Amino acid sequence: MITYTAENVRFPQIKRRETTAWIRRVAATYGKKVGEVGYLFCDDEHILEVNQQYLGHDYYTDIITFDYDEGNVINGDLVISLDTVRSNAELFHKAYDEELHRVIIHGILHLCGINDKGPGEREIMEAAENKALAMR
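Residues numbered from 1 in each chain as written. Predicted model: local features only at pLDDT ≥ 70, side-chain atom pairs only at ≥ 80, totals over all residues. Heavy atoms only, no water.

Details of the pairing of strand β2 (residues 33–42)
Where burial is concerned, most of β2 is hidden: eight out of the ten residues are buried. A crossover connection joins strand β1 (residues 2–6) to the parallel β2 through helix α1 (residues 16–29); in handedness this β-α-β unit is left-handed. Pairing between β2 and strand β4 (residues 73–81): eight bridges, direction parallel. From the neighbouring strand, Tyr39 faces β4, where its bridge partner is Leu78. (Buried < 20%, exposed > 50% of the residue type's maximum accessible area, 1.4 Å probe, protein only. Helix = DSSP H or I, 4+ residues; strand = E, 2+ residues; numbered from the N terminus. Right-handed = clockwise from strand over helix to strand, strands pointing away. Pairing = 2+ DSSP bridges.)

Section: the environment of Ala95
Among the structural elements, Ala95 can be located in the loop between α3 (82–91) and α4 (96–111). Here Ala95 falls in the partly exposed class, since its relative accessible area comes to 47%. Sequence separation of Ala95 and Asp83 is twelve residues, and the distance between their C-alpha atoms is 14 Å.

Observations regarding the sheet that holds strand β3 (residues 63–67)
One open sheet accounts for four strands, arranged β1-β2-β4-β3; its pairing is mixed. At either margin of the open sheet sits one strand with a lone partner, and together these are β1 and β3. Ignoring which end each strand starts from, the neighbouring axes of this sheet average 15 degrees apart. Summarising the sheet, β3 and β4 pair through five bridges and their orientation is antiparallel. Bridge pairing in β4 links Thr65 to Leu78. Set on the sheet, α1 makes contact with β1, β2 and β4; between it and β1 the angle comes to about 130 degrees. The sheet contacts of α3 involve β2 and β4, and relative to β4 the element is tilted by about 75 degrees. (Axes fitted to C-alpha atoms, helices over the stretch in contact; angles between N-to-C directions. Contact = heavy atoms within 4.5 Å.)

A closer look at unusual backbone geometry
Backbone geometry places Asn8, a non-glycine residue, at a positive phi of 70 degrees. Mapped onto the secondary structure, Asn8 falls in the loop between β1 and α1. Relative accessible area serves as the criterion here: at 56%, Asn8 is assigned to the exposed category. In the Ramachandran plot, His93 falls in the positive-phi region, its phi being about 55 degrees despite a non-glycine side chain. By secondary structure assignment, the location of His93 is in the loop between α3 and α4.

So, the layout of surface pockets
Volume-wise, the largest pocket comes out at about 380 Å³. Around the largest pocket sit 15 residues that line it, and Ile63, Ile64, Thr65, His110 and Lys117 are the ones nearest its centre. Of all elements in the fold, only α2 (44–55), β3 and α4 reach the threshold of two or more residues within the lining of the largest pocket. It is β3 that contributes the most residues to the lining of the largest pocket, four residues altogether. Around the second largest pocket sit Asp62, Asn88, Phe92, Lys94, Glu99, Arg102, Val103, His106, Arg122, Glu126, Glu129 and Asn130, which together line it. Secondary structure elements with two or more residues in the lining of the second largest pocket: α4 and α5 (121–134). (1 Å grid on protein atoms, 1.4 Å probe; cavity = no way out; pocket = protein on both sides within 12 Å on 5 of 7 lines; lining within 4 Å. Points joined across faces, edges and corners; volume = space filled by probe spheres on them.)

Here it is as structure tokens:
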């Protein structure tokens, strides 16, 4: 089951059923099933608190993914700062909706095993994001 909640922000205008079906399709391309996935949309201040408390990082980010996978079933909590999504959309000259969906699927791709911190991994993640966005 995929759940969507918001804290300190207005809930984004996403189509939940369509988004859920899209997430399931993307996960299936990696041989994964969707178990319990929870999205929390929030503001920069909340994601900073989460980053500090759970990861020891003192900076803003667009998404934090907590991975609770079990075998080929993806489970996790994904915290998304809509403030940073909006800033990044402006910075990269993208539509807000496109950037939001890129971040939504970015967390799922992490749960599917794709990383973006090591050498060459960012390019692999971007290609996977683009492929997933084309599936919407």
